Amino acid sequence: MELIELTSTEEHAIVDEIRGEMVKFADTPDVKRALVIEGITLTKSLMPEVRPHFLQIATACVSVVCVRATPLQKAELVRLIRDEANEITLAIGDGANDVSMIRAAHVGVGISGVEGNQALLASDYTIAQFKFLYRLLIVHGRWSYIRNSKVVKYSFYKNMVFALTQFWFGFFSGFSAQTLYDGWSIAIFNVLFTSFPIIALGVFDQDVHFKVCFHHPKLYRTGQERRHFNMRALSIWLISALYHSVIIFFCVYFIYTTSILEKDGGALGLQAFGVFCYTAVILVVNLRLAIE
């Protein structure tokens, strides 16, 4: 690995130094590089005129080491990557001088140590030793990302199926105030019939064993590349909800109007029709989650 040191203290000199290093990047793109920068140079690098150039070389390196950086510089560096590079950031620290950096990042991790509890109180997660960060990210971070993705997509899906069956009913009721389901059925749909399965999935779902995550860290890239939650993934679930609502409503409508009769030969009432649709919706959305 090639080491890059930025030592200039003047803004124009830093820009020239960065441009010279970027030329080397273009000439030898396969060489991995690490950047080392001191606090004085970092202050100048974060100035508005130099920030774009510094961001370019910092994101091109596999590692960046900032020496003798102040708490404000740490926080400003995190904001630079978070806002201008549009990346998900994590900051980890064990003392009061890391609090501003931890708060500036998307995810803050505090290490319990001898420097007080300020970092722990400001963080989202607390670990006892730095080595536990690997397990927090590779195992629990990946599981949490996949679980949350499934919970959000399924929540849109099940409510869309439930609402669209009532929307299709509107074409047959003249879009009047008449509802397909009674008030109690609407109230307990999310509370009772479809809540417990998704809660269980959101808490216990593990797509692979934790040992597999440990030995194959490349699995973590699914979260970095946002494969499980993006517009395409969400659109698939929404289109599936539209398709399922059509199948449920019109299949029940066809069966109801052609086959099911009362003893006197008449068709069953609206309440029975709503119960049939309601039951079908519950079965389909829960089966869809079980397949997932």
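Scoring rules and cut-offs
Residues numbered from 1 in each chain as written. Predicted model: local features only at pLDDT ≥ 70, side-chain atom pairs only at ≥ 80, totals over all residues. Heavy atoms only, no water. Helix = DSSP H or I, 4+ residues; strand = E, 2+ residues; numbered from the N terminus. Rg over C-alpha atoms; globule rule 2.2 N^0.38 Å. Buried < 20%, exposed > 50% of the residue type's maximum accessible area, 1.4 Å probe, protein only. Areas by Shrake-Rupley, 256 points an atom, 1.4 Å probe, with all protein chains shown as cover. Lys, Arg positive; Asp, Glu negative; His and termini not counted. Charge placed at Lys NZ, Arg CZ, Asp CG, Glu CD. Phe/Tyr/Trp six-rings, centres within 6.5 Å; stacked < 30°, edge-to-face > 60°. Lys NZ or Arg CZ within 6 Å of the ring centre and 35° of its normal. Axes fitted to C-alpha atoms, helices over the stretch in contact; angles between N-to-C directions. Parallel < 35°, antiparallel > 145°, perpendicular 65-115°, else oblique. Left-handed = near helix turned anticlockwise from the far one by under 90°. Contact = heavy atoms within 4.5 Å. Nonpolar A, V, L, I, M, F, W, Y, C, P; charged D, E, K, R; others polar. Expected span 1.5 Å × (residues − 1). Bend = angle between axes of the 7 residues up to and from the residue. Salt bridge = Lys/Arg side-chain N within 4 Å of Asp/Glu carboxyl O. Pairing = 2+ DSSP bridges. Polar contact = N/O pair within 3.5 Å; in protein donor to acceptor, adjacent residues only side chain to side chain.

1. Here we look at the overall build of the protein chain
Then, in step 1: Of regular secondary structure, the protein chain possesses 13 helices and six strands.
Then, in step 2: Its C-alpha atoms give the protein chain a radius of gyration of 28 Å, more than 25% over the compact-globule value 19 Å for 292 residues.
Then, in step 3: For the C-alpha atoms alone, the extent of the protein chain along its principal axes is close to 95 × 45 × 35 Å.
Then, in step 4: Put simply, the protein chain has 292 residues, and 36% of those count as buried.
Then, in step 5: Per element, the accessible surface of the protein chain, about 17000 Å² overall, is 62% carbon and sulfur.
Then, in step 6: Distance from the positive charge centre (26 side chains) to the negative charge centre (26 side chains) of the protein chain: 8 Å.

2. A look at the packing of aromatic side chains
Then, in step 1: Counting across every chain of the model gives 23 aromatic pairs.
Then, in step 2: Centre to centre, the rings of Phe210 and Phe214 are 6.5 Å apart; their planes meet at 85 degrees, and the pair counts as edge-to-face. Here Phe210 pairs with Phe214, and both are found in helix α10 (residues 210–215), just four residues apart, close to one helical turn.
Then, in step 3: Relative to Phe273, the ring of Phe249 has its centre 5.7 Å away and its plane inclined at 80 degrees; by these criteria the two rings are edge-to-face. With Phe249 in helix α12 (residues 231–258) and Phe273 in helix α13 (residues 270–291), this residue pair connects regions lying 24 residues apart in the sequence.
Then, in step 4: Pairwise contacts between aromatic rings join Phe162, Tyr181, Phe189, Phe193 and Tyr278 into one cluster.
Then, in step 5: A cation over a ring is seen here: Arg135 above Phe210, with NZ or CZ 5.0 Å from the ring centre.
Then, in step 6: One residue, Arg288, lies across the ring of Tyr157, its end atom 6.0 Å from the ring centre.

3. A short note on the packing of helix α7 (residues 132–170) against helix α9 (residues 195–204)
For any two helices packed against each other, the geometry comes down to the angle between their axes and how far apart the axes lie.
Then, in step 1: Where α7 contacts α9, the axes come no closer than 8 Å and their chain directions differ by 160 degrees. Of the possible angle classes, the one that applies to α7 and α9 is roughly antiparallel. The chirality of how α7 crosses α9 is left-handed. Side by side, α7 and α9 meet where Arg147, Lys150, Val151 and Tyr154 of the first sit next to Ile198, Leu201, Gly202, Val203 and Phe204 of the second.
Then, in step 2: Tallied by class, residues from the contact of α7 with α9 come to six nonpolar, one polar and two charged.

4. Looking at α7
Then, in step 1: With 39 residues, α7 extends 55 Å between its outermost C-alpha atoms, agreeing within 8% with the 57 Å of an ideal straight helix rising 1.5 Å per residue.
Then, in step 2: In α7, a bend of some 35 degrees at Gly141 exceeds every other bend along the element.

5. Thoughts on the pattern of salt bridges
Then, in step 1: The tally for this structure, following the rule as stated, stands at ten salt bridges.
Then, in step 2: When the shortest N-O distance is used, the salt bridge between Arg79 and Glu76 registers 3.6 Å. Note that Arg79 and Glu76 are positioned in helix α4 (residues 71–84) at a spacing of three residues, about one turn of the helix.
Then, in step 3: Taking relative accessible area as the criterion, Glu76 reaches 26% and is therefore assigned partly exposed.
Then, in step 4: Of the charged contacts, one joins Asp205 and Lys150 as a salt bridge, the two residues approaching to 3.1 Å between their closest N and O atoms.

6. Some thoughts on the sheet that holds strand β5 (residues 107–111)
Then, in step 1: The sheet built from three strands is open, its strands ordered β4-β5-β6 with parallel pairing. Lying at the two open borders of the sheet, with one neighbouring strand each, are β4 (90–93) and β6 (125–127). The average undirected angle you get between the axes of adjacent strands in this sheet is 20 degrees.
Then, in step 2: Relative to β6, β5 is paired through three bridges, and the arrangement is parallel. Opposite Ile111, over in β6, you have Ile127 as the bridge partner.

7. Thoughts on α12
Owing to its 3.6 residues per turn, the α-helix brings residues three or four apart onto one side.
Then, in step 1: Compared with the 40 Å implied by 1.5 Å per residue over 28 residues, the 40 Å span of α12 between its first and last C-alpha is a close match.
Then, in step 2: Of all the positions in α12, only Ala233, Leu234, Trp237, Ser240, Ala241, His244, Ser245, Ile248, Phe249, Val252 and Tyr256 are classed as buried.
Then, in step 3: In this structure, the buried side of α12 is in contact with α7 and α13.
Then, in step 4: Between the side-chain oxygen of the N-cap and the backbone nitrogen of Arg232 there are 3.1 Å, and the N-cap of α12 in question is Asn230.

8. Details of the sheet that holds strand β2 (residues 33–38)
Then, in step 1: Overall, parallel pairing links the three strands, which are arranged β1-β2-β3 in an open sheet. Unpaired on one side and paired on the other, β1 (2–6) and β3 (63–67) mark the two borders of the sheet. Taken over all neighbouring pairs, the strand axes of this sheet differ in orientation by 20 degrees on average, direction set aside.
Then, in step 2: Both β1 and β2 contribute to a ladder of five bridges, which runs parallel.

9. Quick look at the environment of Glu17
Then, in step 1: With respect to the element layout, Glu17 can be found in helix α1 (residues 11–27).
Then, in step 2: On a C-alpha basis, the gap between Glu17 and Met231 in space is 40 Å, while along the polypeptide they are 214 residues apart.
Then, in step 3: In contact with Glu17, other than residues within four places in its own chain, are Glu5, Leu6, Thr7 and Ser8.

Honestly, it's all geometry; don't read function into it.
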